[in-house]
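Chain by chain, the residues run as shown.
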Amino acid sequence: MADIIKSLFGDMMDPKRVAQGSASLITKSGPFYNFSIRVDSNDIREYSFTNKERAENMRLVLIGHLEEKIKKDFRATNSN
C-alpha cells in the first residue's frame with residue numbers, strides 16, 4: 001500500500017507522486033538526454049547523459065531518493 005501522509009495543512013499526499021511530479025521528462029538536446037529534478041523551491045538540479053537508458057535509470061533512482069527525502073522531512077517536521 002502507498003505511504004499516504006497528511007501534510008501540515010491537512011491535505012493527504014503520496015510522496016511517490018510528489019517526487020515524480022518534481023522530475024521533468026527526459027528530452028533530447030543534440031547528443032544529450034537531459035532532465036531536471038526540483039529538490040526544493042530554490043534548488044533545481046539538471047542532469048545530462050549521452051545514453052538514454054542511463055538517463056532513464058538515473059531519473060528513477062533520483063526520484064526514489066527524492067521520495068525518501070520527502071518522507072524524512074515530513075517526519076522531522078511532525079516530530080516537533
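Scroll up for the structure.
In this report, we go over the structure that sits alongside the text. It should be emphasised that the depicted structure is a prediction, and the values quoted were computed from it without experimental measurement.

### What to know about the sheet that holds strand E4 (residues 32–40)
Turning to step 1, where the next piece is worked out: Strand order in the open sheet formed by 3 strands is E3-E4-E5, with antiparallel pairing between adjacent strands. This sheet does not close on itself; its edge strands, each paired only once, are strand E3 (27–29) and strand E5 (43–49). Across the sheet, the mean angle separating the axes of adjacent strands is 35 degrees when strand polarity is ignored.
Turning to step 2, where the next piece is worked out: Relative to E4, E3 runs antiparallel, the two being bridged by 3 bridges. Of the residues in E4, the one forming a bridge with Lys-28 is Tyr-33.

### Observations regarding the packing of aromatic side chains
Turning to step 1, where the next piece is worked out: Tallied over the full model, the rule gives 2 aromatic pairs.
Turning to step 2, where the next piece is worked out: With a centroid separation of 5.5 Å and an interplanar angle of 25 degrees, the aromatic rings of Phe-35 and Tyr-47 are classed as stacked. Note that Phe-35 is positioned in strand E4 and Tyr-47 in strand E5, a separation of 12 residues in sequence.
Turning to step 3, where the next piece is worked out: Summarising the aromatic geometry, the rings of Phe-35 and Phe-49 are spaced 6.1 Å apart at their centres and angled 5 degrees between planes, so their arrangement reads as stacked. In this pair, Phe-35 sits in strand E4 while Phe-49 sits in strand E5, placing the two residues 14 residues apart along the sequence.

Procedures and definitions
- Residues numbered from 1 in each chain as written.
- Predicted model: local features only at pLDDT ≥ 70, side-chain atom pairs only at ≥ 80, totals over all residues.
- Heavy atoms only, no water.
- Pairing = 2+ DSSP bridges.
- Helix = DSSP H or I, 4+ residues; strand = E, 2+ residues; numbered from the N terminus.
- Axes fitted to C-alpha atoms, helices over the stretch in contact; angles between N-to-C directions.
- Phe/Tyr/Trp six-rings, centres within 6.5 Å; stacked < 30°, edge-to-face > 60°.

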